[in-house]
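Remarks on the overall topology
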Amino acid sequence: MRASRELLAAFALTVFLDLAFLAVGFRTGHVVAKVLLMPLLAASAARAGAPRLLVAALLCGWGGDVLLFSGADPAFMAGMASFAAGHVCYLVLFRRQGPPHARTRLLGLVYAAALVTLVALLWPDLPAGLRVPVAGYSTLLTAMAYTAAGRLGPAAALGGALFMLSDTLIATGVADWPQLPRPDFWIMLTYAAAQFLLVRGTLDARRVPAAAYREVRSTTP
C-alpha cells in the first residue's frame, strides 16, 4: 500500500505541474507531464489491488492522450478509438459491481437527454467526417458515466460526469465554438479528476463487500 500511495502522490504532483505548465503556456512541459499521468495512476491502482480492467482502461486513456498530441484527423480518430476502448473496459468492470441502484431509470433519462441534446447541438458544426464517430463515442462515454453513477458510489458518479464534461470541452473545440481562456487547462483539470475519481470509486466499491464479509464472519458463531 505504501508504494501505491507514493505513486498516487507522484500522480498528484504531475497533475499540478501539468496544470501549471498549461497556465503559463509551456507546451513541452505539458507534453512530458501528460505522458506520465495515466501510467502513474495505473501503477498506483495496480499496487492497490485494482482489477485488470481498471488498469486497462487507464492505459487506453494513456494511448488516447498520446495520440491526441497530433492535430491530424487520423490521429484524432485513433485517439478517440483508444478512449472508446477504455470506456468499454470501464463498462464491463462497472457492470460486475452488482445490481444497479434504485431510481436508475430516472437517472438514465437524464443522461440520455444530455447525450441527445449535446449531439444535436454539435452536429451542424462538426466536420462531416467526424459527426458519426463523435456521436458514437459520445454514446459510449455517456453509457459509461451512467453505469458508474448507477452501480458505484458518488466518487465514480462524479468521475463519469467530469469525463463527459472534459470530452464535451474537446468536442466544442473541434466544432469551433467559443472557448474558455486556456481551454486545455480546463480539459486536463476535469480529465485528471475524472480518471482519479473513477479509480477511487472502483476501489471503494471493492472494499465495501470485503468489509461486509468480514463483519458477517466476525459475528458468526
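You'll find the structure just up there.
Here's what I pulled together on the structure shown here. The structure presented is a predicted model; accordingly, all values stated were derived computationally and were not measured. (Residues numbered from 1 in each chain as written. Predicted model: local features only at pLDDT ≥ 70, side-chain atom pairs only at ≥ 80, totals over all residues. Heavy atoms only, no water.)

Structural notes on the pattern of salt bridges
Where side chains of opposite charge bring their charged atoms close, a pairing between them can arise. As a reminder of what qualifies: Criterion for a salt bridge: a side-chain nitrogen of Lys or Arg within 4 Å of a carboxyl oxygen of Asp or Glu. Runs of H or I in DSSP of at least four residues are treated as helices and runs of E of at least two as strands, each being numbered from the N terminus. The classification of residues rests on relative accessible area computed with a 1.4 Å probe and restricted to protein chains. Under 20% of the type maximum is buried, over 50% is exposed, and intermediate values are partly exposed.
In the structure shown here, the tally under the stated rule is two salt bridges. Of the charged contacts in the structure, one is a salt bridge between Arg2 and Glu6, with a shortest N-O distance of 3.1 Å. Of this pair, Arg2 and Glu6 both sit in helix H1 (residues 2-24), four residues apart, roughly one helical turn. Glu6 sits in the partly exposed class, given a relative accessible area of 46%.

Remarks on the packing of aromatic side chains
Put simply, the test is: Under the pairing criterion, centres of Phe, Tyr and Trp rings, with the six-membered ring standing for Trp, must be within 6.5 Å; the plane angle then separates stacked pairs below 30 degrees from edge-to-face pairs above 60, leaving the rest tilted. Both a distance and an angle decide whether a charge sits over a ring: NZ of Lys or CZ of Arg must be within 6 Å of the ring centre and within 35 degrees of the ring normal.
By the definition in use, this model includes seven aromatic pairs. Here the aromatic rings of Phe83 and Tyr191 are separated by 5.9 Å at their centres, their planes lie at 90°, and the arrangement is edge-to-face. Within this pair, whereas Phe83 is found in helix H4 (residues 73-95), its partner Tyr191 is found in helix H8 (residues 183-219), the two being separated by 108 residues in sequence. Relative accessible area serves as the criterion here: at 8%, Phe83 is assigned to the buried category. On the basis of relative accessible area, Tyr191 is assigned to the buried category, the value being 4%. For the ring pair Phe185 and Trp186, a centre distance of 5.0 Å and an interplane angle of 80° mean the geometry is edge-to-face. Just above the ring of Phe69 sits the side chain of Lys34; from NZ or CZ to the centre is 5.1 Å.

Focus: the nonpolar core
Soluble globular proteins: nonpolar side chains tend toward being buried together. Let me state the cut-off plainly: For our purposes a nonpolar core is just a set of buried Ala, Val, Leu, Ile, Met, Phe, Trp, Tyr and Cys residues, chained together by side-chain atoms within 4.5 Å. Any two residues having at least one pair of non-hydrogen atoms within 4.5 Å are treated as being in contact.
In this structure, Phe11, Leu58, Tyr90, Phe94, Met144, Phe163 and Leu198 are the most contacted members of the largest nonpolar core, which totals 53 residues. Counting only elements with at least two residues in this core, the list comes to H1, helix H2 (27-47), helix H3 (52-67), H4, helix H5 (104-122), helix H6 (128-151), helix H7 (154-174) and H8. Among the elements that take part in this core, H8 stands out by supplying ten residues, more than any other. Beyond its immediate sequence surroundings of up to four residues, Phe163 is in contact with Phe83, His87, Tyr137, Leu141, Met144, Tyr191, Ala194, Gln195 and Leu198.

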